[in-house]
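# Summary of structural features
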Amino acid sequence: MKPIRTFNVSPSLPKRLEPLRKLAYNLHWDWNFDTTDLFRRLDRDLWESSRYNPVLMLGTISQERLREVAEDEGFLAQMDRAAQQLEGYLTERTWYRKHRDRKLTSEKPKEIPASPSTPPSSKDCYAYFSAEFGLTSCLPIYSGGLGVLAGDHLKSASDLGLPLVGVGLLYQEGYFAQYLNADGWQQERYPINDFYNMPLHLERNPDGSELRISVDYPGREVFARVWRVQIGTVPLYLLDTNIEPNNQYDQDITDQLYGGDIDVRIHQEIMLGIGGVRMLKALGLHPTAYHMNEGHSAFLALERIRMMIQESGLTFAEAKQVAQSSQVFTTHTPVPAGIDLFPPEKITYYLGRYANTFGLSKEEFLSLGRENSGDLAAPFSMAILALKMASFVNGVSRLHGAVSRSMFQNLWPNLPVIEVPITSITNGVHARSCVAKPTQELYDRYLGPSWSQATTDSPLWERVNSIPDEELWRNHERQRSELVVFVRDRLQRSLRDRGASVTEIAEAQEVLDPSVLTIGFARRFATYKRATLFLRDLERIKQILHDSSQAGGKRRVQFVIAGKAHPKDIPGKELIRQIIHFTRDEALSRSVVFIPNYDIHVSRLMVAGCDIWLNTPRRPREASGTSGMKAAMNGLPNLSVLDGWWDEADYVRTGWPIGHGEDYDDLEYQDEVEANALYDLIEQEVVPLFYTRDDEDLPRGWVSKMKDAIRLNCPLFNTARMVGEYALRGYFPASDRYFNMIQDQYSPAKLLAHWQTHLFDHWYDIRIEDIKISEPAEIKVNQEIAVKAKISLGALTDEDVRVELYQGSVSATGEITNGVPVTMVYQGQDSQGNSLYTVNISYTNSGLQGLSLRVLPSHDYLSSPYEPGLVLWAEPEKVSINLQSNGNGHVLEPEAVMTEAVTH
Ligand SMILES: *Cc1c(COP(=O)(O)O)cnc(C)c1O
């Protein structure tokens, strides 16, 4: 039965309790324990049964209980304190003002006329687009690491006071809930999200009607309404297509996260990218920088360009300059197979209109998403579209940055891989969201409350050593006990739901031992994460679990495991089943447990209550990984393959590395070697350190490692640091470029577009005529040599290019490695009209050194000289003094123009 009319009935609160509404609707409570304590105090059972959803709780709590607390002085005082804290939090965010305004006064963008009367910072607005956001358990619109990272990004942006808004989709069913059948096979349930009973505001027009946007799809318009989640000062706007008059198919666009087929996927990405841009406009927001968190939202670039063409009369080239200058792209995918691809005919079918508006042919349009524009069969890659449309691109750990540079190297032909303009900003986690409450209180007490955002250079971190070992350890042991209680409870519930026998349910009460070394492993069950690596040698792992050493059973080990496999990932589900079957072994059921339905709540308990955090990905497939960071912040050492963030952490002092960062071709062999390394480490390092206790039963060595984990990892792998980096390196410069591009009716953008056309027309006429160097082949370290170059620039001038000498050592294959560019100085023209350049250089290292020369485009408005993708390298025969390669017989690649033996 369809209703004839619907109402949104909001909780009715006694006047005195009105502050609860504001508290409930601002997700600040998620990382503020005073407020969550308040909700728990209101009704403990309801708090838990609502999955920690204060809005649902306020909507279902009895009026009687509300009347009761409205009279309770203690409750009211706590409520007023929490309300005051929120008020204070919302007004006291200062990092942004401090860093943005200082930057504006000290580093005025060059060559730009006087700034407008209000400082740009007050007009800054950064839009952060992501397909998923993991903020808190009662908003299940995330699947895993990418979502939690996006959620933590918003929380830290609020902490830092950044003018940032999030953009995403509101999924009616969200990501699935996991349960297991009797055989251990993963089953999925899709609970329907009841938006009206979640911390969501429906955005409305001034007349009270729903705010709606529409997006064009082939043959029809699709409408969406807009919900807002308030995260401290940061709003997250989510689109919802589940409304009339959309047809059923369109209503389901925002049905499931990563659900459906390729058509649903493209519908979703159009709604996210294109709908997202329209929504921001409908909300009256004018972002000055756009951040694409992974490629799913990259269509936003097309919509921005379309708007500038149709509303401001720009050409495609001009509009692209503006869009690109203000777009930031973060890639999270270390393997080509992980990239979001669409068949070209789908792109043409769904987005052909854009090609027409842009004045591009079908192939020109498709080449925006192709590495090689000549390959007409190639699919359209969202990552490539995002790369081509961004002026700042990063991977999510140092190692992943390097992997991304080589993965996308072909987009910048002729550029040495180390110069490919993809940098890295290592992921982090939001400290206040992932550290257990008692542990936070401990840090607050000994380090001071600013620990959660303090940087590495803060003296506060030295105070970690002043935390008494005893206190840190007893606190940690309490966390372990709480985890054990939680696991037993959750297992019993899920067995009951499955109709298991009374004996089975009773046995679940006996799993785990709160005093035993507990290894935690929780993540998506993608096969590359190798969740079952520790089971490779069953005899050996049984010995470890039961302690078959001389200690004779006193040094036991237990595993707590959790994670979901993607519904279509059969091999991933197989891994879960293997673990469940393993735990069925009589002797093991108590020491290896799998917790069903991993989510943010389970994660928080695990990273606090386990003793060590295990990770065994196949390097380099874990772009960053973040659960290990959460564990480290709670004082857990990590035990992990050197991949993602762990590769750049202090893995000796704050945990143990499995292997040494080797790459393998033979995967079987890799598993063999790494499983054995894992067993050896557990037996020889982890277990002895954990179980060596002093007279007071304290594992001093272990506690010292815990302190190192806190001291060294908290300040680094923290989203406060991460978002600060995005702001300083990504958003501020992008926003500056945007303001520069649009001033004076977009005249800089027009100029730049015009200049680029001119550049492309004449680039290939540039001739490097001659290069002279002053010294013979044998030179000394630090000896100065003068280099002169004669270059014919044709129709271009010295202002259009930058000429660089490129020097570095020569590898065995004859290539310059780790080359360093040195800008040459323009000296005017000779009588034939050639441009002359000079520079003096010297070598600081001895051995075989190489030298080359290159020409790059140069323009003040260009975000980087690599943006046009043009580099001209000197050819060896252009060198007038032809140095012999010192008789060592290397065949030189064209790039190494000259080699010189440098002697001491
Ligand atoms: C942190 C977190 C993740 C990401 O963990 P990885 O180590 O990156 O795999 C996934 N899911 C949940 C619920 C999390 O809290």
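Data block above holds the structure.
The structure contained in this document is the topic of the report that follows.

Criteria and cut-off values
Residues numbered from 1 in each chain as written. Predicted model: local features only at pLDDT ≥ 70, side-chain atom pairs only at ≥ 80, totals over all residues. Heavy atoms only, no water. Core = buried A, V, L, I, M, F, W, Y, C linked by side-chain atoms within 4.5 Å. Buried < 20%, exposed > 50% of the residue type's maximum accessible area, 1.4 Å probe, protein only. Helix = DSSP H or I, 4+ residues; strand = E, 2+ residues; numbered from the N terminus. Contact = heavy atoms within 4.5 Å. Salt bridge = Lys/Arg side-chain N within 4 Å of Asp/Glu carboxyl O. Near = heavy atom within 4 Å. Polar contact = N/O pair within 3.5 Å; in protein donor to acceptor, adjacent residues only side chain to side chain. Phe/Tyr/Trp six-rings, centres within 6.5 Å; stacked < 30°, edge-to-face > 60°.

## Topic: the nonpolar core
The biggest cluster of nonpolar side chains holds 182 residues, and the ones touching the most others in it are L162 and F299. Considering every element that reaches this core, the biggest residue donor is helix α27 (residues 719-762), with 14 residues. Ignoring sequence-local partners within four residues, the contact set of F299 consists of I266, E269, I270, G273, I274, F342, I347, L351, F380, M382 and L385. Among the nonpolar cores identified, the runner-up in size contains 68 residues, and W451, I561, A565 and L678 belong to it.

## Topic: the side chain of N26
Secondary-structure assignment places N26 in the loop between α1 (19-25) and α2 (33-42). Setting aside residues up to four positions removed in sequence, N26 forms contacts with L86, L90, Q230, I231 and G232.

## A short note on the pattern of salt bridges
If you walk through the whole model with that rule in mind, you get 63 salt bridges. Note that D37 is salt-bridged to K437, the shortest N-O span being 2.8 Å. Placement of the pair is D37 in helix α2 and K437 in helix α18 (residues 437-447), with a sequence separation of 400 residues. R445 serves as the salt-bridge partner of E471, at 2.7 Å between the closest nitrogen and oxygen. A residue pair is termed long-range when its members are at least 10 positions apart, and E471 in helix α19 (residues 469-497) and R445 in helix α18 qualify at 26 residues. Among the residues examined, R445 registers a relative accessible area of 53% and is labelled exposed. Sharing partners across several salt bridges, the network here consists of D469, D694, E696, R700 and K707.

## Section: unusual backbone geometry
E244 connects to P245 through a cis peptide bond whose omega is 0 degrees. Along the chain, P245 turns up in the loop between β8 (234-240) and α9 (248-251). A positive phi angle, close to 50 degrees, is found at Y258, a residue other than glycine. Assignment of secondary structure puts Y258 in the loop between α9 and α10 (262-282). The class for Y258 is buried, based on a relative accessible area of 17%. A positive phi angle, close to 75 degrees, is found at N414, a residue other than glycine.

## Brief notes about the site of the ligand
Surrounding the ligand, one finds 13 residues, the nearest of these being K529, S603, T626, S627 and K630. Within the side chain of K529, a nitrogen or oxygen atom sits 3.1 Å from an oxygen atom of the ligand. Within the side chain of K630, a nitrogen or oxygen atom sits 2.6 Å from an oxygen atom of the ligand. Listed by contribution, the elements that provide at least two residues to the shell around the ligand are α8 (145-160), α23 (600-609) and α24 (627-633).

## Here's the deal with the packing of aromatic side chains
Tallying each qualifying case throughout the model produces 37 aromatic pairs. With centroids separated by 5.6 Å and ring planes inclined at 75 degrees, the aromatic side chains of W47 and Y52 adopt a geometry described as edge-to-face. Here W47 matches Y52 in class, with each residue buried. Seen from their ring centres, F195 and W227 are 5.4 Å apart, and the 65 degrees between their planes marks the pair as edge-to-face. Placement of F195 in the loop between β4 (186-189) and β5 (201-202) and of W227 in strand β7 (residues 220-231) is noted, with a sequence separation of 32 residues between them. What makes F195 buried here is its relative accessible area of 3%. The exposure class of W227 is buried, given its relative accessible area of 1%.

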